[in-house]
Number of protein chains: 2
Amino acid sequence: MSEKNSLAKAFKSTRYQISGHGKRDVQVLKDAFENIGGGQESDLYGTGQVIKDFQDKMAGILGKEAAVFFPSGTMAQQIALRIWCDKKGIKKVAYHPLSHLEIHEEDGLKELHHIEPVLLADKNRVIELEDVVNMEEEVSCLLLELPQREIGGQLPDYETLESISVYCREKGIALHLDGARLFEVLPYYKKSAAEVSALFDSVYVSVYKGIGGIAGAVLAGSEAIIKESKVWKRRHGGDLISLYPYIISADYYFDQRAGKMEQYYEDARELAGLFNRCAGVSTLPLEPVSNMFHVHIQAPKEKLESALTDIYEETGIGLTSYLRENDNEGYYFEVSIGDQYTRVSEETLKKAFQMLDERLGEVINA
Amino acid sequence: MSEKNSLAKAFKSTRYQISGHGKRDVQVLKDAFENIGGGQESDLYGTGQVIKDFQDKMAGILGKEAAVFFPSGTMAQQIALRIWCDKKGIKKVAYHPLSHLEIHEEDGLKELHHIEPVLLADKNRVIELEDVVNMEEEVSCLLLELPQREIGGQLPDYETLESISVYCREKGIALHLDGARLFEVLPYYKKSAAEVSALFDSVYVSVYKGIGGIAGAVLAGSEAIIKESKVWKRRHGGDLISLYPYIISADYYFDQRAGKMEQYYEDARELAGLFNRCAGVSTLPLEPVSNMFHVHIQAPKEKLESALTDIYEETGIGLTSYLRENDNEGYYFEVSIGDQYTRVSEETLKKAFQMLDERLGEVINA
């Protein structure tokens, strides 16, 4: 078994994990359906009370005229961008070099929609107003991801968002929000989902990140945009006869967790502080602006894995199941705070971080 | 309230319905998950035991090297056709004028994949060898739907299938099976799913038609084709983080119902006989070759709806919730036999058909 697998294995055996809401298992579905009567009717190809109610609820929360439930954010976002491109007649959109569309979707936007991306900003920072103003090519739409996940969940200032929104409206560029983790950034911005969404022409939110549902996404916008998106949803093969397993669980966990984002944010800041006090460790961002951050560690992989495995075994706390190489010959992993963090005792956590600091100190000083 | 709505309403109030497995409600999910432990792990973006096991099982049943679970048949089939077109370098496929791809998918194949369909055969009959041989345009793939749903579920002779398969292999045309209702036709053909599938290069089956799952589809074929289809599945936005709500229910209902297709077929023939003995009624096909058929009735809509509503109220048996215009100034509806038919008492059924015959007789002789 490789070192990597033994880290994953050790992680799997831990009693507490600092990230997430808990295991992605069938219990997640069972809990969501426990109080749903068997007689509750299914949705039917996008119609029916169960889908309508949730869509209306999300449209209200996002302050948009309408919303539609999608099986995935990949589908929802490609479709939103396609609609904006068709509307303007220019098959170009701008987004960050590490956008989900650019690195995780097998080029669906290009292969299915023949839309060309214009990559804005250096990959290590968020898009600023200047990047938008200095863009040389004409695009139909600008997509902003809040927070920018692949760089630890960074955010532009709220004033930057506002000025980008004003600029785009002046220039006739549609502004789309990749809000996979929109609810998670609201405590930092001190804004409501509707206030942030008001800056954008279309908004996608995920129901299985901070919300912790099973799968699915919501796209919100004007009546006209949402109507058109339903046609594309069918074309993509996303207009399933029944989406209720995802919808009912999304609704259930939304009600449980939408109000806990402040807590997750505070927990993330506390935990990032613990990491940053360890030798050779720094979080990105240094001070989290949502429930997430990346942990970068400058240490040889083998020794790092060995240290982590020992910590997991001794304390029962799992910090990460994997390590990825970063640009500085070190390693990193992602932390997203959810319900699990509060289950970890302060005492044990303190011990785990003491061990981490000691072991990394030994490695660095060796 | 319109007449149409009152028919739907009366239907909804009936105790027994002749079609289907029962209401599409949350109980369908609850039953499937009743004996699944909460600790059962989710699939994760197409990986994990729960999706692998079901895919392997379906590959085995369909006699193919590999299979992949899709959220929808719309997605699975467009992708299969795209792969065949890319392979041959010709963006044309042949299928029936009433193929699902042509009439129910908002032109996804054309709009997303830029594939042009060549429509074979008259819309009122199935594709024969002659249609394929006489095709003037060169295509990458021929799609056959078994049974041809929109004309009541008709089938070509098995010898025709074999000869089309031989011809396509000679000519280098990939043969794809739209087997949304493949399991449902096996009793008529007296063949296994693997035997029928062996005639085809790729095979799609639905898990929520005769099988009665919640949603989802399986695409089966060679290792190479299935591997490529997974890339397209991600591009389409179908590579969900969790598909287990559909997979576990598909597996559960497959095990319950795959062995009952003979029964459904026999029941369909019996029920079609009852319809055909009524004045002004004929089924298409006259003798069903699967669990499904269409019922055509030559009568004015208002009188027909009034007769049906009365029958529903008096007998508690629902025959259809809707009527569609046919090409002969009459009306039709679809019947698909499932578990519900056996719940209807013979006595009451006899009474319902007596009433139908009498009422239609009055209408016709008026």
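Keep in mind that this is a model prediction, so the values were computed, not measured.

### Notes on the sheet that holds strand β13 (residues 331-336) of chain A
All names here are of chain A.
Okay, so step 1: Pairing within the open sheet is antiparallel, and its four strands lie in the order β9-β10-β13-β12. Where the open sheet ends on each side, the last strands, each with one partner, are β9 (281-284) and β12 (324-325).
Okay, so step 2: The sheet contact formed by strand β10 (residues 292-297) and β13 spans six bridges and is antiparallel. The partner of valine 295 across the bridge, within β13, is phenylalanine 333.

### Comments concerning helix α3 (residues 49-62) of chain A
Residues and elements named next belong to chain A.
Okay, so step 1: Relative to the 20 Å expected for 14 residues at 1.5 Å per residue, α3 spans 20 Å between its end C-alpha atoms, a close match to the ideal helical length.
Okay, so step 2: For α3, the full list of buried residues reads Val50, Ile51, Phe54, Gln55, Met58, Ala59 and Leu62. Seen along its axis, α3 keeps its buried residues to an arc of 160°; they face one direction. Residues of α3 that are exposed and angled more than 90 degrees away from the buried face: Gln49 and Gly60.
Okay, so step 3: Phi turns positive one or two residues past the end of α3, at glycine 63, with a value near 65°.

### Remarks on the packing of aromatic side chains
Okay, so step 1: Under the criterion given, the structure shown has 23 aromatic pairs over all chains.
Okay, so step 2: Measuring from centroid to centroid gives 5.2 Å for phenylalanine 183 of chain A and phenylalanine 254 of chain A, while their planes differ by 75°, and the two rings are edge-to-face. Taken together, the residues span a long stretch of sequence, with phenylalanine 183 of chain A in helix α9 (residues 182-189) and phenylalanine 254 of chain A in helix α12 (residues 244-257) at a distance of 71 residues.
Okay, so step 3: Between the aromatic rings of phenylalanine 275 of chain B and phenylalanine 293 of chain B, the centroid separation amounts to 6.2 Å while the plane-to-plane angle is 70°, which identifies the pairing as edge-to-face. Residue phenylalanine 275 of chain B is found in helix α13 (residues 261-276), and its partner phenylalanine 293 of chain B is found in strand β10 (residues 292-297); the two are separated by 18 residues along the sequence. Taken individually, phenylalanine 275 of chain B and phenylalanine 293 of chain B each receive the classification buried, so the pair is uniform in this respect.
Okay, so step 4: Joined through ring pairs, the aromatic side chains of Tyr158, Tyr188, Tyr189 and Tyr265 of chain A make up one cluster.
Okay, so step 5: The aromatic ring of tyrosine 45 of chain A is capped on one face by arginine 234 of chain A, whose charged end is 5.3 Å from the ring centroid.
Okay, so step 6: A cation sits over an aromatic face here: arginine 235 of chain A above tryptophan 232 of chain A, 4.3 Å from the ring centre.

### Overview of unusual backbone geometry
Residue and element names in this part refer to chain A.
Okay, so step 1: Residue leucine 146 is joined to proline 147 through a cis peptide bond whose omega torsion reads -10°.
Okay, so step 2: Tracing the chain through its elements places proline 147 in the loop between β5 (141-145) and α8 (158-171).
Okay, so step 3: Notably, glutamate 329 is not glycine yet its phi reads approximately 60°, a positive angle.
Okay, so step 4: Residue placement: glutamate 329 occurs in the loop between β12 and β13.
Okay, so step 5: Assessed through its relative accessible area of 76%, glutamate 329 is described here as exposed.

### Some remarks on the pairing of strand β6 (residues 174-179) of chain A
All names here are of chain A.
Okay, so step 1: Counting buried positions over the six residues of β6 gives six, a clear majority of the element.
Okay, so step 2: Burial of β6 is two-sided: the residues Ala174, His176 and Asp178 facing one way and the residues Leu175, Leu177 and Gly179 facing the other way are all buried.
Okay, so step 3: A crossover links β5 with its parallel partner β6, the connecting element being α8, and its sense is right-handed.
Okay, so step 4: One ladder, built from four bridges, connects β6 with strand β7 (residues 202-206); its direction is parallel.

Parameters and conventions
- Residues numbered from 1 in each chain as written.
- Chains lettered and ligands numbered in written order.
- Predicted model: local features only at pLDDT ≥ 70, side-chain atom pairs only at ≥ 80, totals over all residues.
- Heavy atoms only, no water.
- Pairing = 2+ DSSP bridges.
- Helix = DSSP H or I, 4+ residues; strand = E, 2+ residues; numbered from the N terminus.
- Expected span 1.5 Å × (residues − 1).
- Buried < 20%, exposed > 50% of the residue type's maximum accessible area, 1.4 Å probe, protein only.
- Arc of directions from axis to C-beta.
- Phe/Tyr/Trp six-rings, centres within 6.5 Å; stacked < 30°, edge-to-face > 60°.
- Lys NZ or Arg CZ within 6 Å of the ring centre and 35° of its normal.
- Right-handed = clockwise from strand over helix to strand, strands pointing away.

Nothing here speaks to function; it is all geometry.
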